[in-house]
Amino acid sequence: MNVRGTVAGSVEVRTVSTSYGESDLAEVPVQLTDVTSTDGSQEACDQTTLEASDGPARERTAELETQTKAELETLTTVTITCWGKWAESADLLEPGMEILVTEAEEREYQGEQQYSTTGDSYVVVEPDFLVNVTDIRSWVECPRLYYLNKLSGVPLNYPVTKGTLVHEVFGDLLRGQDLEASIEERIDERGLELGLLGESPKSVAEDVRQNAAAIEGWLEQGRLTEDEKSGDEDGNESFAPAESEWRSEQLLISETFGIRGRADAIRRGAPVELKTGKNLKKEPRFKDKVQAACYALLLEEHGGSVDTGTLLYTKNSALDRNEETGDLTPAKDFSMGSGLLKFVVRLRNEIAAMEFDDGVPTGHEGNAKCEYCFERDTCMVVSGRLDQESKAGQIGTALPAEEREYFDRIYRAIEEERREVHREYAKLWEQDAEERAEDDRALIDLEFLEKRELEGGRWELRARQRSPATSKIREGDLVLASDGHPVRGEAELARIERFGDERAERNSANDSSGPQPQELVLTADEPVEVTRLDIYPSELTTDRLLTALHDALLKGSERRKDVLFGRADPAFEDTEEVFIDNNERQNEAVTKAVTAEDCALIHGPPGTGKTYTIARAIRAMVERGDRVLLSAFTNRAVDNALEALREQGFTDFIRVGTESGVREDMLSHRLERSGDPEERLAELEEAQVVAATTATCGSRTMKEQSFDVALVDEAAQLTEPGTYAAINLAERFALVGDHEQLPPVVRAENELSESLFERLVELYPDAGVMLDRQYRMNQRIQVFASREFYDGELRPATPEVAGRTLEDLEGVSQDDLPEPLRDPVSFVDVAGDASQYTDSEEAARIAGLIETYEAAGVERESIGVIAPFRAQVSEIGNHVPSDVAVDTVDRFQGSSKEVIIVSFVATGDLEGPIFEDYRRINVALTRPKRALVLVGDRRALESDPVYERMLEWADR
DNA sequence: GCTCTGCGCAGAGGA
């Protein structure tokens, strides 16, 4: 049986003598959460064990969860005895951690129920924490390596790029591709990367060819022996291996062992790992064996039974005949006993236990000799700066206490975010399909339509929704495509190429028959018969935040840090130049941005011409000879700023980003990754202005770039390390934002929810400027936001803006509106229904309001509806025509409409963070130009002072 | 409980 629970006390480890001799054991007090029988017959297929574990045991878990804390404390804890080497893993446990023991034995001892490990058992610490195979690999070599990779990332270097290329070509060969065609294509794809490395396609191709020769020879050899066995003599020219024998690059997740990774290849169910190094020894390198053993464990959970692995060292050639063995091939087969597999799980447990604590790791070295280590310098610098003990020694001086304290704090906060990502992974198997679909994290019950092999051996897969459903899955996303279950079934990492059938979209645009079932087109390495798609959680963002923090604190200039830590005031040059002559604050903002020697802060309330100001500042910087990085949290903001630049006649910029992220009208400026290395490099390096999201600024490519100035928009929506990702690349920086609007989106409540922008604005009021004239709202609309959020400083830029009404629009007559709606701000009292996140009465009333405005001549496209919850957004969507924009507050930020209707979904009380955060209401109320209608329950709104003032303003 | 954008995924390796 499998036993799972939460550690409820301290673990006792001791040595006892048994009939087999001395043995270690650890006694772990555990509060059981799950006991699953595994003694089913051998024939039992995966599906039945699956159902068994979803049955009574799950119900018991649910029962436990609903019990009160007090009740839980009185529950009896049981003892799990971990024998032998498992005592080492048990010794890592701390109260609160989760433990899973497979194939455990149950017995009664002195009236107490006990469990213990058996010879077939595995002990898994924190099983929900998925550890990467490559992390286990570096951990076994030296735990410091694991930290260093995590903290500072792996920079661009040729050996790594070459290794990647050889792997890609290997995969192509397995998929039956022609060698030369594959090499050419793969090198072309990495044009930009090779350009940055200063490599020519010709020499790289030669390198790859040499490595590939070893692979081809080996594949050919394997094919011959297979042919002999099967008597097949069809003389097939291609090296394409028999389909059933091989599988390339499979992503595997183990919910039992808490491991995930992608195997290079699988041959007859056993892992094959490719290494582009040379190894003339008889045995594979130990860390390589460990890596292969990880994949073996993963494959075993997916129904295989694995006892061998193969390592392919492609630098070995026939000339390198091994002295000892006479071995001619680059391949080394080795057997994997249960001892190795268990050792691997214990390594994995060490990482999982260490990551349970989210503090900065101190790190300890393995037995490897530091003098041979390629990471030695980085290792010494990190130990020196963080004042950690190091066998290799330390370089540099330790960070001052306040910086060290800050580093620790932000490190923890980022790790908390990472943990949230891990919780998302766990949900892949903890939630059932319906729950995931309800959470918008999966599309289920898809109808598989067809698969089509593409050139290059990949597959195009098509599926269709049986009924319309919403999800967070979008075009360009990477998803887990499965035939039913993302972890237990056949699953493959796939990219969403197209989402939505064009025909269906066109048909639904003009009727209100509601949403149509959508058609999906995906691409993947293998032809999965897709019936379900799950969002694939990614740690990429947290990884990049961590390296941005590392770079800012450990590698950043002292002057920069003096400013960040409040030890030196930002300095500015003098200038008499006037950049904008009709708006004093905008001119001051551009002046500050251009003359800043450290940093400038531009506070831009709604409609104050932020984007225009940014574009003007960039042009002025370029004129002074500066190379400028333009960045923002979202793609939309980056493209908006570029659009403003283009409107001002400036087009010497390059947009770096993904094809699906960059807006269509900016795609012509997008830097392609593929092509001629020198051309790509020139495009990037010769651009005066480079624009990318902050996430992209943390990419390997962008980290190779340097700038004079970084200008960051939407800075109030960025976490501190998120901001560093951009400003680390530049000497000076200017942040533009509004901390009275939406804060950063973070999963966990922590330090990351305050932006660097906000902190610096408070720290250095003199380095900042607030734009105070807005070009959007009728004066009456603007009053409340100005008073409530901007100390009354916000005012209309011109009399025209102050006095704008619907009457100015062509074909609109205010006389056709009912009296209350003639005022630019009005309130509609709706008693509302009792549901929590929707309100159908409000929705119906809003539909009526839209008809009223339409009757008065207002076009549907000029009207927007804002609701606090997505549920209400779709409720309203069911009531109103599809050409009226209906969205959440968050997604409306940055845009505006002539008429805005706000649905408050407020009945009874106003509890809930959505309403507590007044910044949200600021955003909602400042979207309209000419008319604002508030729809909600007066009594509920009056219960809060801010909303009460809002009503007074609307009532006037 | 609710809001939710990004990112070539994971891994590629030098003696």
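Residues numbered from 1 in each chain as written. Chains lettered and ligands numbered in written order. Predicted model: local features only at pLDDT ≥ 70, side-chain atom pairs only at ≥ 80, totals over all residues. Heavy atoms only, no water.

Side note on the protein's contact with DNA strand B
- In the vicinity of DNA strand B there are 59 residues, among which Leu 540, Asn 635, Thr 693, Arg 870 and Arg 920 approach most closely.
- Each atom of DNA strand B within 4 Å of the protein was classed as base or backbone; sugar and phosphate made up 59%.
- Between DNA strand B and Arg 262, the relevant distance is 2.6 Å, taken from a phosphate oxygen to a main-chain nitrogen or oxygen of the residue.
- Tyr 295 is positioned with one of its side-chain polar atoms (N or O) 3.1 Å from a phosphate oxygen of DNA strand B.
- Take the surface near DNA strand B: its biggest share by element is five residues, from helix 7 (residues 158-174).
- Across the surface near DNA strand B, the residue classes tally to 19 nonpolar, 20 polar and 20 charged. (Near = heavy atom within 4 Å. Polar contact = N/O pair within 3.5 Å; in protein donor to acceptor, adjacent residues only side chain to side chain. Helix = DSSP H or I, 4+ residues; strand = E, 2+ residues; numbered from the N terminus. Nonpolar A, V, L, I, M, F, W, Y, C, P; charged D, E, K, R; others polar.)

So, the sheet that holds strand 24 (residues 653-655)
- The strand order 24-25-23-26-27-22-28 describes an open sheet built from seven strands, whose pairing is parallel. Each edge of the sheet is formed by a strand with only one pairing partner; in this case those strands are strand 24 and strand 28 (768-770). For this sheet, the mean inter-axis angle between neighbouring strands, taken without regard to orientation, is 20 degrees.
- Running at roughly 95 degrees to strand 27 (residues 730-737), helix 26 (residues 756-763) makes contact with strand 22 (599-603) and strand 27 of the sheet. (Pairing = 2+ DSSP bridges. Axes fitted to C-alpha atoms, helices over the stretch in contact; angles between N-to-C directions. Contact = heavy atoms within 4.5 Å.)

Observations regarding the sheet that holds strand 18 (residues 478-482)
- Read from one edge of the open sheet, seven strands run 15-21-18-19-20-17-16, paired in antiparallel fashion. Of all strands in the sheet, those with a lone pairing partner are strand 15 (442-443) and strand 16 (447-453), marking the two edges.
- Here strand 16 runs beside strand 17 (residues 459-464); their pairing, made up of six bridges, is antiparallel. In the sheet register, Lys 451 faces strand 17, and the bridge partner there is Leu 461.

Side note on the nonpolar core
- Counting residues in each nonpolar core, the largest one holds 59 residues, and the members touching the most others are Val 28, Cys 82, Leu 93, Ile 99, Ile 136 and Leu 297.
- If you tally residues by element for this core, the top one is helix 11 (residues 286-301), at nine residues.
- The residues touching Leu 93, leaving out its near neighbours within four places in the chain, are Val 7, Val 11, Val 28, Glu 98, Ile 99 and Val 125.
- Residues Val 690, Met 702, Leu 718 and Ala 767 belong to the second largest nonpolar core, which totals 58 residues. (Core = buried A, V, L, I, M, F, W, Y, C linked by side-chain atoms within 4.5 Å. Buried < 20%, exposed > 50% of the residue type's maximum accessible area, 1.4 Å probe, protein only.)

What to know about the side chain of Ser 89
- Examined against the element boundaries, Ser 89 turns out to sit in helix 4 (residues 86-90).
- In this structure Ser 89 comes out as buried when scored by relative accessible area, which is 1%.
- Residues within four places of Ser 89 in sequence aside, it is in contact with Val 123, Val 125, Arg 346 and Asn 349.

Some remarks on unusual backbone geometry
- The phi angle at Asp 387 is positive, at roughly 50 degrees, despite the residue not being glycine.
- Within the element layout of this structure, Asp 387 appears in the loop between helix 13 (376-386) and helix 14 (401-430).
- For Asp 387, a relative accessible area of 53% gives the class exposed.
- Although it is not a glycine, Asp 791 adopts a positive phi angle of roughly 50 degrees.
- Checked against the element boundaries, Asp 791 lands in the loop between helix 27 (779-789) and strand 30 (795-796).
- We classify Asp 791 as exposed; its relative accessible area is 70%.

Digging into the packing of aromatic side chains
- Within this structure, the stated rule accounts for 14 aromatic pairs.
- Relative to Tyr 147, the ring of Tyr 146 has its centre 5.9 Å away and its plane inclined at 65 degrees; by these criteria the two rings are edge-to-face. Both residues of the pair, Tyr 146 and Tyr 147, count as buried.
- The ring of Trp 86 carries Arg 346 above its face, with NZ or CZ at 5.7 Å from the centroid. (Phe/Tyr/Trp six-rings, centres within 6.5 Å; stacked < 30°, edge-to-face > 60°. Lys NZ or Arg CZ within 6 Å of the ring centre and 35° of its normal.)

A short note on a negative patch on the surface
- A cluster of acidic residues, Glu 184, Glu 185, Asp 188, Glu 455, Asp 676, Glu 678 and Glu 679, forms a negative patch at the surface.
- For Asp 676, the location among the structural elements is in the loop between strand 24 and helix 22 (677-685).
- We classify Asp 676 as partly exposed; its relative accessible area is 34%. (Patch = residues over 30% accessible without salt bridge, like charges linked within 9 Å, V, L, I, M, F, W, Y side chains within 5 Å. Areas by Shrake-Rupley, 256 points an atom, 1.4 Å probe, with all protein chains shown as cover. Salt bridge = Lys/Arg side-chain N within 4 Å of Asp/Glu carboxyl O. Lys, Arg positive; Asp, Glu negative; His and termini not counted. Charge placed at Lys NZ, Arg CZ, Asp CG, Glu CD.)

A look at the UniProt feature "domain: DNA2/NAM7 helicase helicase" (unreviewed entry) in chain A
- Within the UniProt annotation, "domain: DNA2/NAM7 helicase helicase" (unreviewed entry) is assigned to residues 583-674 and 684-747.
- Within residues 583-674, the helical portion is 42% and the strand portion 14%, while the C-alpha atoms at the span's ends are 44 Å from each other.
- As annotated, residues 684-747 has a helix share of 28% and a strand share of 31%, and its two end C-alpha atoms lie 34 Å apart. (UniProt positions renumbered as here; feature names shortened; annotations may be inferred.)

Things to note about the pairing of strand 10 (residues 246-254)
- With nine of nine residues buried, strand 10 is to be regarded as a mostly interior element.
- Note that strand 10 and strand 11 (residues 259-267) share eight bridges and pair antiparallel. By the bridge assignment for strand 11, Leu 252 is matched with Gly 261.
- Adjacent in sequence and paired antiparallel, strand 10 and strand 11 are bridged by four residues, among which Gly 258 carries a positive phi angle near 65 degrees.

With respect to the pattern of salt bridges
- Inspection of the entire model under this criterion finds 81 salt bridges.
- Ionic pairing is found between Asp 172 and Arg 175, a salt bridge with its closest N-O pair at 3.0 Å. Of the two residues, Asp 172 and Arg 175, both sit in the buried class.
- A salt bridge links Arg 462 to Glu 450; the nearest nitrogen and oxygen atoms lie 3.3 Å apart.

Some details on the state of the cysteines
- On inspection of all chains with the given rule, the structure shows zero disulfides.
- Cysteine Cys 373 remains unbridged, with the sulfur of Cys 142 as its closest cysteine sulfur at 6.5 Å. (Disulfide = S-S within 2.5 Å.)

Brief notes about helix 29 (residues 840-855)
- With 16 residues, helix 29 should reach 22 Å at 1.5 Å per residue; the first-to-last C-alpha distance of 23 Å fits that figure.
- All of the buried residues in helix 29 are Glu 842, Ala 843, Ile 846, Ala 847, Leu 849, Ile 850 and Tyr 853. Taken end-on, helix 29 shows its buried residues confined to a sector of 160 degrees, consistent with a single buried face. Residues of helix 29 that are exposed and angled more than 90 degrees away from the buried face: Glu 851 and Ala 855.
- Put simply, Asp 839 is the residue that caps the front of helix 29, since its side-chain oxygen is 3.1 Å from the backbone nitrogen of Glu 841.
- Trailing helix 29 by a residue or two, Gly 857 shows a phi angle of about 105 degrees, which is positive. (Expected span 1.5 Å × (residues − 1). Arc of directions from axis to C-beta.)

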